[in-house]
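Letter by letter, the chains look like this.
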Amino acid sequence: EAKKLGRNQYSFYTQDMQYVAHRRSEQKRELRNALINEELEIHYQPVVDMNTGTVTKAEALIRWRHRTMGIVSPEEFIPLAEETGLIHEIGSWVFMECLEQALKWRARFHPDFQISVNLSPVQFKNSIYFDRWFTLLASAANSHNCLCVEITEGVLLDASEKTAAQLWRFREAGMEMAIDDFGTGYSSLAYIKHVDVDYLKIDRTFIANIATDAADYPLVEAIIMMAHKLGLKVVAEGVETEAQLTLLARIGCDYIQGYWYSKPLPKPAFEAWLQAHEAKQVV
Ligand code: C2E
Ligand code: MG
Ligand code: MG
Ligand code: MG
């Protein structure tokens, strides 16, 4: 009987699916308390300026330290936060933390220090939070360009006029803007005409094979040339080897981010890394 035949396979799949579904619903439930219980933390990854060798930028990457599940990756819980709408509160918390941190690091390390904050497309659906951020930014001294918002191509493509208007408000409020994961989506820069963006971040899937895949090197070279012609600075994501670094330097990539320099680090470790890096620079 067909039903019987398919049964083992079926139960094999359902066990996996049940596990995933269970973990998801558990995470959805617990995510509500993650903020209150202070289980969320921000790690910082240095972004190295290829022209000067200095580090005055970092990307903020969120982690969830759960008491039984351990560290949960944002790849896993951000989609749940988006589904439940918790992304608004979580995103706002990240924004506030980064604003405070960027100002501290400006005072302590470099007057131009800047932190990049990832924004989910879902966050553009409720601009009440943005209004609060803008007010906060306006009242903070030395905050001009202390934050950069990273958005994905998708945000710009479904560019309703409302989204475009909101992006203008980010700029007016004194923030820079970056297009994240470039190359994974539509990979057209046509939208640049409508929105003023400062940085293009080339997705790490292109960087991964730049030294080994004959097609990826010219592709990345073309992206960088095009970005420069449009007045954008380029950040290469996911640089892990010296070979990748050398090639990117040769093509004139402006900034490098990746494990070659450092993984994302908790705040104290990031500060120590920064100090060690600065010391190296002087010599
Ligand atoms: P993203 O914004 O593209 O961040 C870069 C990701 O690449 C990070 O993963 C980072 O740890 C990883 N990475 C950096 N250098 C290397 C490298 O050399 N090799 C490899 N293999 N990976 C590298 P992470 O931290 O797991 O974050 C994943 C994604 O989660 C982020 O991708 C971003 O889309 C999202 N995310 C993280 N924090 C936030 C947040 O605060 N808000 C929102 N909305 N999304 C966030
Ligand atoms: Mg990013
Ligand atoms: Mg990215
Ligand atoms: Mg990504």
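For the structure, check the block above.
Residues numbered from 1 in each chain as written. Chains lettered and ligands numbered in written order. Predicted model: local features only at pLDDT ≥ 70, side-chain atom pairs only at ≥ 80, totals over all residues. Heavy atoms only, no water.

## Looking at the coordination of the magnesium ion (ligand 3)
Here comes step 1: Those protein atoms acting as donors to the magnesium ion (ligand 3) are Asp180 (OD), Asp181 (OD), Glu237 (OE) and Glu237 (OE), and they sit at 2.0 to 2.4 Å.
Here comes step 2: Here the donor residues of the magnesium ion (ligand 3) share one chain and are spaced in sequence as D-D-x55-E.
Here comes step 3: Between the magnesium ion (ligand 3) and the magnesium ion (ligand 2), both coordinated by Asp180, there is a metal-metal distance of 4.0 Å. (Donors = N, O, S within 2.8 Å, 3.2 Å for Na, K, Ca; no water.)

## Looking at the coordination of the magnesium ion (ligand 2)
Here comes step 1: Coordination of the magnesium ion (ligand 2) by the protein involves Glu59 (OE), Asn118 (OD1), Glu150 (OE) and Asp180 (OD), with metal-donor separations of 2.0 to 2.2 Å.
Here comes step 2: In terms of primary sequence, the donors binding the magnesium ion (ligand 2) are separated according to E-x58-N-x31-E-x29-D.

## What to know about the site of ligand 1
Here comes step 1: Every one of the 22 residues lining ligand 1 counts as a neighbour, but Arg63, Asn118, Arg204, Glu240 and Tyr259 are closest to it.
Here comes step 2: In the model, an oxygen atom of ligand 1 is placed 2.8 Å from a nitrogen or oxygen of the Asp180 side chain.
Here comes step 3: Protein contact buries 86% of the 800 Å² of open area that ligand 1 shows by itself.
Here comes step 4: Taken together, the elements giving at least two residues each to the shell around ligand 1 come down to strand E2 (57-66), helix H2 (74-84) and strand E6 (176-182). (Near = heavy atom within 4 Å. Polar contact = N/O pair within 3.5 Å; in protein donor to acceptor, adjacent residues only side chain to side chain. Areas by Shrake-Rupley, 256 points an atom, 1.4 Å probe, with all protein chains shown as cover. Helix = DSSP H or I, 4+ residues; strand = E, 2+ residues; numbered from the N terminus.)

## Considerations on the packing of helix H3 (residues 87-108) against helix H4 (residues 128-139)
Here comes step 1: The geometry of H3 relative to H4 is characterised by a closest axis approach of 11 Å and an angle of 10° between their N-to-C directions. By the angle between their axes, H3 is roughly parallel relative to H4. Contact residues: His88, Glu89, Gly91, Ser92, Phe95, Met96 and Leu99 in H3; Tyr129, Trp133, Leu136 and Leu137 in H4.
Here comes step 2: By residue class, the composition of the contact of H3 with H4 is seven nonpolar, three polar and one charged. (Axes fitted to C-alpha atoms, helices over the stretch in contact; angles between N-to-C directions. Parallel < 35°, antiparallel > 145°, perpendicular 65-115°, else oblique. Contact = heavy atoms within 4.5 Å. Nonpolar A, V, L, I, M, F, W, Y, C, P; charged D, E, K, R; others polar.)

## Notes on helix H9 (residues 242-251)
Here comes step 1: Three or more residues of H9 are buried, namely Gln244, Leu245, Leu247, Leu248 and Ile251. End-on, the buried residues of H9 take up no more than an arc of 165°, which puts them together on one face. Turned more than 90 degrees from where H9 packs its buried face, Glu242 and Arg250 sit exposed.
Here comes step 2: Those residues of H9 that are buried are in contact with helix H7 (204-208), helix H8 (216-229), strand E8 (233-236) and strand E9 (255-256). (Buried < 20%, exposed > 50% of the residue type's maximum accessible area, 1.4 Å probe, protein only. Arc of directions from axis to C-beta.)

## Some details on the pattern of salt bridges
Charged atoms that come close allow side chains of opposite charge to pair.
Here comes step 1: A full pass over the atoms with the stated rule returns 13 salt bridges.
Here comes step 2: Between Lys28 and Glu83 there is a salt bridge; the shortest N-O distance is 2.9 Å. Of this pair, Lys28 sits in helix H1 (residues 2-34) while Glu83 sits in helix H2, and the two are 55 residues apart along the sequence.
Here comes step 3: With a shortest N-O distance of 3.4 Å, Glu100 and Lys104 are connected by a salt bridge. With Glu100 and Lys104 both in helix H3, this residue pair falls four residues apart, about one helical turn.
Here comes step 4: For Glu100, a relative accessible area of 47% gives the class partly exposed.
Here comes step 5: Relative accessible area serves as the criterion here: at 43%, Lys104 is assigned to the partly exposed category.
Here comes step 6: Salt bridges here are not isolated pairs; linked through shared partners, they connect Glu59, Glu150, Lys201 and Glu237. (Salt bridge = Lys/Arg side-chain N within 4 Å of Asp/Glu carboxyl O.)

The values reported here are purely geometric and, on their own, carry no functional implication.
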